[in-house]
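# Summary of structural features
So the chains spell out like this:
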Amino acid sequence: TGPFPGILDLFGSGGGLCEYRASLLAGHGFAVLALAYFRFEDLPEYLNNVCLEYFEEAVDFMLQHPKVKGPSVGLLGFSKGGDLCLSMASFLKGITATVVINACVANTIAPLHYKDMIIPNLSSDPGKYKITESGLLNLVDIWNDPLEKSNHRSLIPLEEAQGPFLFIVGMDDYGWKSEFYAQIASERLQAHGKDRPQIIYYPGTGHCIDPPYFPLCRASVHSVLGHPVFYGGEPKAHSRAQVDAWQQIQTFFHKHLNGKKSVKPSKL
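Residues numbered from 1 in each chain as written. Predicted model: local features only at pLDDT ≥ 70, side-chain atom pairs only at ≥ 80, totals over all residues. Heavy atoms only, no water.

## Brief notes about the UniProt feature "domain: BAAT/Acyl-CoA thioester hydrolase C-terminal" (unreviewed entry) in the protein chain
Residues annotated in UniProt with the feature "domain: BAAT/Acyl-CoA thioester hydrolase C-terminal" (unreviewed entry) correspond here to residues 51-258. A helix fraction of 30% and a strand fraction of 22% characterise residues 51-258, whose end C-alpha atoms lie 30 Å from each other. (UniProt positions renumbered as here; feature names shortened; annotations may be inferred. Helix = DSSP H or I, 4+ residues; strand = E, 2+ residues; numbered from the N terminus.)

## Regarding the pattern of salt bridges
For the coordinates displayed, the defined rule picks out 7 salt bridges. Residue E159 is joined to R188 by a salt bridge in which the shortest nitrogen-to-oxygen separation is 2.6 Å. In this pair, E159 sits in the loop between strand 9 (137-138) and strand 10 (165-170) while R188 sits in helix 4 (residues 178-191), placing the two residues 29 residues apart along the sequence. When the shortest N-O distance is used, the salt bridge between E234 and R218 registers 3.7 Å. With E234 in the loop between strand 13 (228-230) and helix 5 (235-258) and R218 in the loop between strand 11 (198-202) and strand 12 (219-221), this pair connects stretches of sequence that are 16 residues apart. (Salt bridge = Lys/Arg side-chain N within 4 Å of Asp/Glu carboxyl O.)

## A look at the sheet that holds strand 6 (residues 112-114)
Taking strand neighbours across the sheet as the criterion, the 3 strands line up as 3-6-7 in an open arrangement whose pairing is mixed. Of all the strands in the sheet, the pair left with one neighbour each is strand 3 (50-51) and strand 7 (117-119). Bridge analysis of strand 6 against strand 7 gives 3 bridges, and the strand direction is antiparallel. Looking across to strand 7, one finds that Y114 is bridged to M117. The sheet strands contacting helix 3 (residues 80-91) are strand 3, strand 6 and strand 7, and the helix crosses strand 6 at an angle near 20°. (Pairing = 2+ DSSP bridges. Contact = heavy atoms within 4.5 Å. Axes fitted to C-alpha atoms, helices over the stretch in contact; angles between N-to-C directions.)

## Quick word on the environment of I109
Relative to the helices and strands, I109 resides in the loop between strand 5 (95-101) and strand 6. Given the relative accessible area of 31%, I109 is considered partly exposed. The sequence separation of I109 and K255 amounts to 146 residues, and the corresponding C-alpha distance is 33 Å. The residues touching I109, leaving out its near neighbours within four places in the chain, are S13, L47, K80, N121 and W143. (Buried < 20%, exposed > 50% of the residue type's maximum accessible area, 1.4 Å probe, protein only.)

## Quick notes on the sheet that holds strand 2 (residues 31-34)
The sheet built from 6 strands is open, its strands ordered 2-1-4-5-10-11 with parallel pairing. What marks the edges here is a single partner per strand, and that holds for strand 2 and strand 11. Geometrically, the sheet is characterised by an average inter-axis angle of 15° between neighbouring strands, direction not taken into account. Across 4 bridges, strand 1 (residues 4-10) lies against strand 2 in parallel orientation. Bridge assignment links L8 to a residue of strand 2, and that residue is L33. Contacting strand 1, strand 4 (68-78), strand 5, strand 10 and strand 11, helix 5 runs over the sheet at an angle of about 170° to strand 5.

## Considerations on the pairing of strand 4
With 8 of its 11 residues buried, strand 4 lies for the most part within the structure. Bridge count for strand 1 against strand 4 is 7 bridges, and the pairing is parallel. Directly across from F4, in strand 4, lies its bridge partner V68. Read as a crossover between parallel neighbours, the route from strand 4 over helix 3 to strand 5 is right-handed. (Right-handed = clockwise from strand over helix to strand, strands pointing away.)

Here is the structure:
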């Protein structure tokens, strides 16, 4: 009957409402809100501007819900949803555990607004895309380096966050330079006297790290771009990573939201 540790679950730049990961997590002792933020019902069709107040309202909704065990919630974000979770953790109260799956440490795609502040989006050069032998778009090189001076304002101030981070990194990610971004996060946090984030690197693993037994998505037609995009990943390594990452995510949230040092061993 609860209450249960609360988690907000965000997906990426394809938009819409994705509930499958939230529903699976709910079977492991969590109260989970799958949060759409564009291309769903009355939400904007395109990600042109993002207001953090919308996400703050979702956090407040969770903390006031009778099934949610306070005084804080966790965040789980993939791709664009990952950098949104990093921004939420950095600027909003009531968040003590954040997991990001193949995410950038800078604000991406659209400017982020919160009160009187604007974080610009990381600049990109669409002309740097490549096309694979199969005719798929490889977009990993279009994003400019967030450490370059001209992009510094797009970096998310992770050092302002109250709780720990877990970065899930696919070493064969063709969506973002996830390994590079995780290292930036680690160095930034340590430079500000904060604990290093937990980073788990998965060799042979692509961009779309789903729960166990979901098929590897090496490529798909991007719902916003309308073109087939290459995401990377080798079937055997990627499948094993999905099993391990799923357990690691649960363990992290149980530890930091529920005060449990371990969970039941995986039956996988």
